[in-house]
Structure formats: C-alpha cells, structure tokens
Amino acid sequence: MRYQRKREEEKGQSLISKVVSIGFFGGLIWSVVASVAAYFHFTSVSPKSFILRSWLQIEWTDQWLGQLISILVVSLLSIGIAFLYYFILKKIRGIWIGIGFGVVLWFILFWLFEPIFPNIPTIFNMDSDTIVTTVCLFILYGVFIGYSISFSYQQYKDEN
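Residues numbered from 1 in each chain as written. Predicted model: local features only at pLDDT ≥ 70, side-chain atom pairs only at ≥ 80, totals over all residues. Heavy atoms only, no water.

1. Focus on unusual backbone geometry
Going by this rule: Strands here mean DSSP runs of E at least two residues long; helices mean DSSP runs of H or I at least four residues long; both are numbered from the N terminus.
Non-glycine residue His41 carries a positive phi angle of around 65 degrees. Secondary-structure assignment places His41 in the loop between α1 (2–39) and α2 (47–51).

As structure tokens, then:
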C-alpha cells in the first residue's frame, strides 16, 4: 500500500516535470524559429521586440545577445503558459484545441497587451507578412504545447 502511494506520487511528479519541460522547450524551439523568421524578414517582430526592446533602447539589446536573453526569458515564461494549458485544457484531445489556444495567445499578446509593448506596431499598422508569420508561429506553438500536454496526461491517466 505504501509502495503504491509512493509510485503514484512519483508518476504525478513526473507529469508535472513533463509539463515544465514541454513548456520550456516549446518556448525555446518556437522563439528560435521566430528569431530566424525575423532575421530573414518574414516578420518585423521577434522575441527581443517584446522582451527587451520595448523597455530598453540600449545598443546591445538589438544584437545577438539581446535575442539570446529574450529567447531564454520566453522559454521560462512558456512554462507558465504550459501550466495554464495543463490546468484548463489537458483533458481535451485533438489538434484543434491547440490551434485555438495558439490563436487566443496571439490575440492576447498582439491585441490586449499591445499597450504594454510600445516597440510593437498595432495590428492595423503591421504588414501582412508579419501577421501571417506570427499567427502561424503561435498556432504551431499552441499545437506543440497542447498536443504534448494532452498526450502526456492521457498516458498518465491510462497507466493508473
């Protein structure tokens, strides 16, 4: 009995650690892809545009170090987003909920939080390449987070 309870606690902890790693690596992967997209001018917005350049206008924030620090910060913030998904939507299976989650995140960041980021142009002032690229990146991010967490949760549920 005691062994079984300890094993269940370990499984629960491993599920939480999976959520942490999914969030971190989701933020890492998709912010690197966003940085590459910005480098090749698919978008005028990159992680450093949100994280550093909106508040700091120091020269180093516009270089590779600023991008690297921004990618790390986005990866850490993404852990919180992964837990948000875990607590609200983990039981829902399928790709569509991840797509919707990504679109909602894009809407929140670019529409609702727009006043917080003075360095980012409004949606109405963005070019179509930036809008399409960022929406697609957020959809891919949402699908990555959503599908990975839902899969891990279903796997954990099936083991118990």
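More follows now that the structure is in view.
2. Topic: helix α4 (residues 95–112)
Threshold: Given a helix with a known number of residues, its expected span is that number minus one, times 1.5 Å. Per-residue accessibility, obtained with a 1.4 Å probe over protein chains only, is compared with the maximum for each type, and a residue is labelled buried under 20%, exposed over 50%, and partly exposed between these values. The arc refers to the directions leading from the helix axis to the C-beta atoms. We call two residues in contact whenever any of their non-hydrogen atoms come within 4.5 Å of each other.
For α4, built from 18 residues, the straight-helix expectation of 26 Å at 1.5 Å per residue is met to within 8% by its first-to-last C-alpha distance of 25 Å. Three or more residues of α4 are buried, namely Gly98, Phe101, Gly102, Leu105, Trp106, Leu109 and Phe110. Buried residues of α4 fall within an arc of 145 degrees about the axis and therefore sit on the same side. Residues of α4 that are buried sit in contact with α2, α3 (64–89) and α5 (128–159).

3. Some words on the packing of α3 against α5
Between two packed helices, the angle of one axis relative to the other and the distance separating the axes together describe the packing. Condition: Think of each axis as a best-fit line through the C-alpha atoms, taken over the contacting stretch in the case of a helix, with angles from 0 to 180 degrees between the N-to-C directions. Our angle categories are set so that under 35 degrees counts as roughly parallel, over 145 as roughly antiparallel, 65 to 115 as roughly perpendicular, and the remainder as oblique. Crossings are assigned a handedness: left-handed for a near helix turned anticlockwise from the far helix by less than a right angle, right-handed for a clockwise turn. Gly is put with the polar residues, along with every residue not named as nonpolar or charged; the nonpolar set is Ala, Val, Leu, Ile, Met, Phe, Trp, Tyr, Cys and Pro, and the charged set is Asp, Glu, Lys and Arg.
It is at 10 Å that the axes of α3 and α5 come closest, and there the two elements cross at 55 degrees. When the interaxial angle is binned, α3 and α5 end up oblique. Viewed along their axes, α3 and α5 form a crossing whose handedness is right-handed. Taking contact as the criterion, the partners of Ser78, Ile81, Ala82, Tyr85, Tyr86 and Leu89 in α3 are, on α5, Tyr141, Ile145, Gly146, Ile149 and Ser150. Classifying every residue of the contact of α3 with α5 gives 8 nonpolar, 3 polar and no charged.

4. Description of the nonpolar core
The tendency in soluble globular proteins is for nonpolar side chains to be buried side by side. To keep it simple, the criterion reads: Buried Ala, Val, Leu, Ile, Met, Phe, Trp, Tyr and Cys residues form a nonpolar core when they are joined through side-chain atoms within 4.5 Å.
Counting residues in hydrophobic clusters, the biggest one holds 30 residues, and the most contacted among them are Phe50, Phe110, Ile120, Ile145 and Ile149. Among the elements of the structure, α1, α2, α3, α4 and α5 are those that each provide at least two residues to this core. In this structure, Phe110 is in contact with Val45, Phe50, Ile120, Ile123, Met126, Thr134 and Phe138, ignoring residues within four places of it in sequence.

5. Comments concerning the confidence of the model for the protein
Where we set the bar: Scored from 0 to 100, pLDDT records how confident the predictor is in each individual residue.
Per-residue confidence for the protein gives a mean pLDDT of 88, with 87% of residues at or over 70. Looking over the protein, one finds the lowest element-wise mean pLDDT in α2, namely 81, and the highest in α4, namely 95.

6. A short note on the packing of α4 against α5
At their nearest, the axes of α4 and α5 sit 7 Å apart, and the two run at 130 degrees to each other. As the angle between them shows, α4 and α5 are arranged oblique. When the axes of α4 and α5 are compared, the crossing they make is right-handed. Two secondary-structure elements touch here, α4 through Ile95, Gly98, Ile99, Phe101, Gly102, Val103, Leu105, Trp106, Leu109 and Phe110 and α5 through Ile131, Thr134, Val135, Phe138, Ile139, Tyr141, Gly142, Val143, Ile145 and Tyr147.

7. A closer look at the side chain of Ser75
Along the chain, Ser75 turns up in helix α3. Those residues in contact with Ser75 that lie beyond four places of it in its chain are Gly23, Phe24, Gly27, Leu28 and Ser31.

8. Some remarks on a nonpolar patch on the surface
For clarity, the threshold we go by: What makes a patch is a set of residues exposed beyond 30% relative accessible area and free of salt bridges, joined within 9 Å when like-charged and within 5 Å when nonpolar (Val, Leu, Ile, Met, Phe, Trp, Tyr). With residues, only the protein chains shown are counted as cover, and all accessible areas are computed by Shrake-Rupley using a 1.4 Å probe. In the sections that follow, a salt bridge refers to a side-chain nitrogen of Lys or Arg positioned within 4 Å of a carboxyl oxygen of Asp or Glu.
On the surface, Phe107, Trp111, Leu112, Phe113, Ile116 and Phe124 cluster together into a nonpolar patch covering about 640 Å² of accessible area. Structurally, the position occupied by Phe107 is in helix α4.

9. Examining the environment of Lys90
Assignment of secondary structure puts Lys90 in the loop between α3 and α4. For Lys90, a relative accessible area of 16% translates into the label buried. In this structure, the C-alpha to C-alpha distance between Lys90 and Gln154, residues 64 residues apart in sequence, is 8.5 Å. The contacts of Lys90, once residues within four sequence positions are left out, are Tyr85, Ile149, Ser150 and Tyr153.

10. Description of the environment of Leu52
Residue placement: Leu52 occurs in the loop between α2 and α3. Each C-alpha atom, one on Leu52 and one on Gln67, is 8.5 Å from the other, the two residues being 15 residues apart in sequence.

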